[in-house]
Amino acid sequence: MPAGEKAGQGPLAGLNKGAMAAFLARPRPLDLGEVSFVDGEGVAKSLSDWRGKVVLLNIWATWCVPCREEMATLDKLQAALGGNDFQVVAVNIDRGGADKPKNFLAETGATHLSLYTDPTGKLFSKLKAVGMPTTLLIDREGHEIGRLVGPANWDSPDALALIKAAIAAPA
């Protein structure tokens, strides 16, 4: 979809502009099936743990140079909007344990984001990600309503408008 076209129908229409020009809204919400990973303590998590919240699911790696810059904006987005209605869930796909991604979050100053990892290495292909980072916007029912491949400025006014529209959308 060209950047000038509307981002789908409904609450996200026209919001793929400026910093969110690369955001592609789904014409209809997409069922992702079971999406699982672990938290920083190794406890199994899935998207269903956030049912009822809008989730920005970010897939990242410590070796991904654009991820380093983007992480600060995701942290600011979580600080600004995170709560009962919204959560940034940033899942690291590195192999070899949680120490490296945990240090990465500390180095980038991401104090509002929790550590999530994918020790199975299956998340990237399960979500049909094609580049790093990849970020999915998930509705309150756990369906993908849009995605952005590549880095983005997630604390920009354009991103905040997009996320707020998703939060305000009827379930």
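Worth saying up front: this structure is predicted, and the values here are computed from it rather than measured. (Residues numbered from 1 in each chain as written. Predicted model: local features only at pLDDT ≥ 70, side-chain atom pairs only at ≥ 80, totals over all residues. Heavy atoms only, no water.)

Details of the environment of Asp 155
Argument step 1. Structurally, Asp 155 can be placed in the loop between strand S8 (143–149) and helix H4 (157–168).
Argument step 2. With 54 residues separating them in the primary sequence, Asp 155 and Pro 101 have C-alpha atoms 21 Å apart.
Argument step 3. Residue contacts for Asp 155: discarding those within four places in its chain leaves Thr 73, Lys 76, Leu 77 and Leu 160. (Helix = DSSP H or I, 4+ residues; strand = E, 2+ residues; numbered from the N terminus. Contact = heavy atoms within 4.5 Å.)

Some words on the packing of helix H1 (residues 65–81) against helix H2 (residues 99–107)
Helix-helix packing: each pair is described by the crossing angle between the helix axes and the interaxial distance.
Argument step 1. Relative orientation of the contacting elements H1 and H2 amounts to 55 degrees, with a least axis distance of 10 Å. The orientation of H1 with respect to H2, classified from their angle, is oblique. Relative to H2, H1 is oriented so that their crossing is right-handed. Mapping the contact onto sequence places Cys 67, Arg 68 and Met 71 in H1 and Phe 104, Leu 105 and Glu 107 in H2.
Argument step 2. Classifying every residue of the contact of H1 with H2 gives 4 nonpolar, no polar and 2 charged. (Axes fitted to C-alpha atoms, helices over the stretch in contact; angles between N-to-C directions. Parallel < 35°, antiparallel > 145°, perpendicular 65-115°, else oblique. Left-handed = near helix turned anticlockwise from the far one by under 90°. Nonpolar A, V, L, I, M, F, W, Y, C, P; charged D, E, K, R; others polar.)

What about the environment of Glu 34?
Argument step 1. The residue Glu 34 is located in the loop between strand S1 (24–31) and strand S2 (36–39) in this model.
Argument step 2. In this structure the C-alpha to C-alpha distance between Glu 34 and Leu 148, which are 114 residues apart in sequence, comes to 20 Å.
Argument step 3. Dropping the residues within four chain positions of it, Glu 34 is found in contact with Ser 46, Ser 48 and Lys 126.
Argument step 4. Separated by 3.1 Å, the side chains of Glu 34 and Ser 46 make a polar contact. (Polar contact = N/O pair within 3.5 Å; in protein donor to acceptor, adjacent residues only side chain to side chain.)

Observations regarding the nonpolar core
Argument step 1. Among the nonpolar cores identified, the biggest contains 51 residues, and Leu 12, Leu 56, Leu 57, Leu 137 and Trp 154 are the most heavily contacted of them.
Argument step 2. For this core, the secondary structure elements donating two or more residues are strand S4 (54–60), H1, strand S5 (86–92), H2, strand S7 (134–138), S8 and H4.
Argument step 3. In this structure Leu 57 touches Val 35, Leu 47, Val 89, Val 91, Leu 127, Thr 134, Thr 135, Leu 136 and Ile 138, once residues within four positions along its chain are discounted. (Core = buried A, V, L, I, M, F, W, Y, C linked by side-chain atoms within 4.5 Å. Buried < 20%, exposed > 50% of the residue type's maximum accessible area, 1.4 Å probe, protein only.)

So, the side chain of Asn 58
Argument step 1. As for its position among the elements, Asn 58 is in strand S4.
Argument step 2. Asn 58 sits in the buried class, given a relative accessible area of 0%.
Argument step 3. Of note is the side chain of Asn 58, whose polar atom sits 2.8 Å from the side chain of Thr 135.
Argument step 4. In contact with Asn 58, not counting residues within four places along its chain, are Glu 70, Met 71, Leu 74, Val 89, Ala 90, Val 91, Pro 133, Thr 134 and Thr 135.

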